[in-house]
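Letter by letter, the chains look like this.
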Amino acid sequence: MNELISVIVPVYNVENYLEKCLYSLLNQTYSNIQIVLIDDGSTDKSGKICDSYLEKDKRIVVYHTSNRGVSSARNLGLANSKGKYIYFLDPDDYLEVDALEKLHDHIEKFATDLVQCSYYKNYLDKKSEVVHSRAEISKQKAIQSLLRWDGYITSFCWDKLFKRERIGDTTFKTNLKVGEDDLFVFEYLLKCEKVSVIDDPLYNYLIRTNSAIGNIYTAKKKDSVKAASAIFELCDKDSVMKELAKLHVGLSAFFSCANLLDTIPREEFDLFIEDRKFYIDKMSSCHFNVIKRETCTKIAVLYKMVQYCPRVYRMTGAIRNKKR
């Protein structure tokens, strides 16, 4: 079978990366693809680059919109996709040459509803692999993995091949600036019966900074907690999922609050008191024993430090960064 795969690429101000991304698509060993480029109001040359590639390959379609955000762009891509399968590719990343072929062959061979690949992390000065063990798992195990933050089933949408019929009317929530893919993946998993994970690194994920300090906190991080809270609401009727969903909310709040404490200068710390209160409130919904059982002692200790002793947590930053 040579089913059509629609690849949706939301584009916004990535003129320095876009051509490498598109080159990786046009040279895929699996050629039956539709490339849907959504220029989300770019102010650089990204829109012109999209149009120039439109003339080079009939598999490409381009839509230009005002800047509405990545969720709106992906939703427009979904609305105009024709493939049996859907793949989301970020415009500053790129694929291995056989990525779509391997994903397609696996989802067809094993009659699975979703296939997730391993991937490369590309830093400015190095490249590393994130390799998952190959397996076929139930939707329950996939959901539990996502909620536990164990790194096996990720919250990314770009390392997965989706079935269009399973997506149905599920869309990315446009009111979320961060965490929208987490909620989308969760809602999709609810519709699955079987999920596949493969150990081939097929995606190249660009990390533009090599330093944790470079990931400066912004108030948009609260959206990741709001997305996790929306997931919790969807788990209300399942006691096991509900407890793990509390963990998911707690960890989302913890990592966002830790990012705030790690990156905000001391003189600006008091400006973010309300944000910290928001995270602490969400963290309190998850019991310490659950954190310790489902993660590890180190995370549990840091969790409580962020929650009750933020200044001590800040003082330990040099030690934690050295270990990292």
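Refer to the preceding data block for the structure.
Conventions and cut-offs
- Residues numbered from 1 in each chain as written.
- Predicted model: local features only at pLDDT ≥ 70, side-chain atom pairs only at ≥ 80, totals over all residues.
- Heavy atoms only, no water.
- Buried < 20%, exposed > 50% of the residue type's maximum accessible area, 1.4 Å probe, protein only.
- Helix = DSSP H or I, 4+ residues; strand = E, 2+ residues; numbered from the N terminus.
- Contact = heavy atoms within 4.5 Å.
- Axes fitted to C-alpha atoms, helices over the stretch in contact; angles between N-to-C directions.
- Parallel < 35°, antiparallel > 145°, perpendicular 65-115°, else oblique.
- Left-handed = near helix turned anticlockwise from the far one by under 90°.
- Nonpolar A, V, L, I, M, F, W, Y, C, P; charged D, E, K, R; others polar.
- Core = buried A, V, L, I, M, F, W, Y, C linked by side-chain atoms within 4.5 Å.

*Asks:* Could you give an account of helix α5 (residues 139-148), naming the residues involved and the relevant values?
*Replies:* Of the positions making up α5, those classed as buried are A142, I143, S145, L146 and L147. The inward-facing, buried residues of α5 abut β8 (135-138), α7 (180-189), β10 (194-206), α8 (222-234) and α9 (239-263). Of the residues trailing α5, W149 is marked for its positive phi of about 60 degrees.

*Asks:* Can you explain the packing of α8 against helix α10 (residues 273-283)? Please cite residues and give values.
*Replies:* Helix packing for two helices is described by the angle between their axes and how far apart those axes are. It is at 11 Å that the axes of α8 and α10 come closest, and there the two elements cross at 25 degrees. Between α8 and α10, the crossing angle belongs to the class labelled roughly parallel. The handedness of the crossing between α8 and α10 comes out as left-handed. Contact with α8, carried on its side by K222, V225, K226 and S229, involves D275, F278, Y279 and K282 of α10 and no other residues of that element. Here the residues of the contact of α8 with α10 sort into three nonpolar, one polar and four charged.

*Asks:* Describe the environment of E243, listing the residues and the values that go with them.
*Replies:* For E243, the location among the structural elements is in helix α9. Setting aside chain neighbours within four positions, we find E243 in contact with V290 and R293.

*Asks:* Talk me through the nonpolar core; I want residue IDs and the actual numbers.
*Replies:* One finds F88, F162, L189 and F254 to be the most contacted residues of the largest nonpolar core, which totals 62 residues. Among the elements that line this core, the one with the most residues is α9, at twelve residues. Here F162 is in contact with K84, Y85, I86, F88, L114, C157, I167, F184 and Y188, once residues within four sequence places are set aside. Counting 34 residues, the second-largest nonpolar core is a separate cluster that includes L25, I35, Y119 and L202.

*Asks:* Residue-level account of the packing of α9 against α10, with values.
*Replies:* Across the interface, α9 lies against α10 with an axial gap of 8 Å and an inter-helix angle of 150 degrees. Of the possible angle classes, the one that applies to α9 and α10 is roughly antiparallel. In this structure, the crossing between α9 and α10 has a hand that is left-handed. For the pair formed by α9 and α10, the contact residues are V249, G250, A253, F254, S256, C257, L260 and L261 on the first element and D275, R276, Y279, K282 and M283 on the second. When the residues that make up the contact of α9 with α10 are grouped by side-chain class, the tally is eight nonpolar, two polar and three charged.

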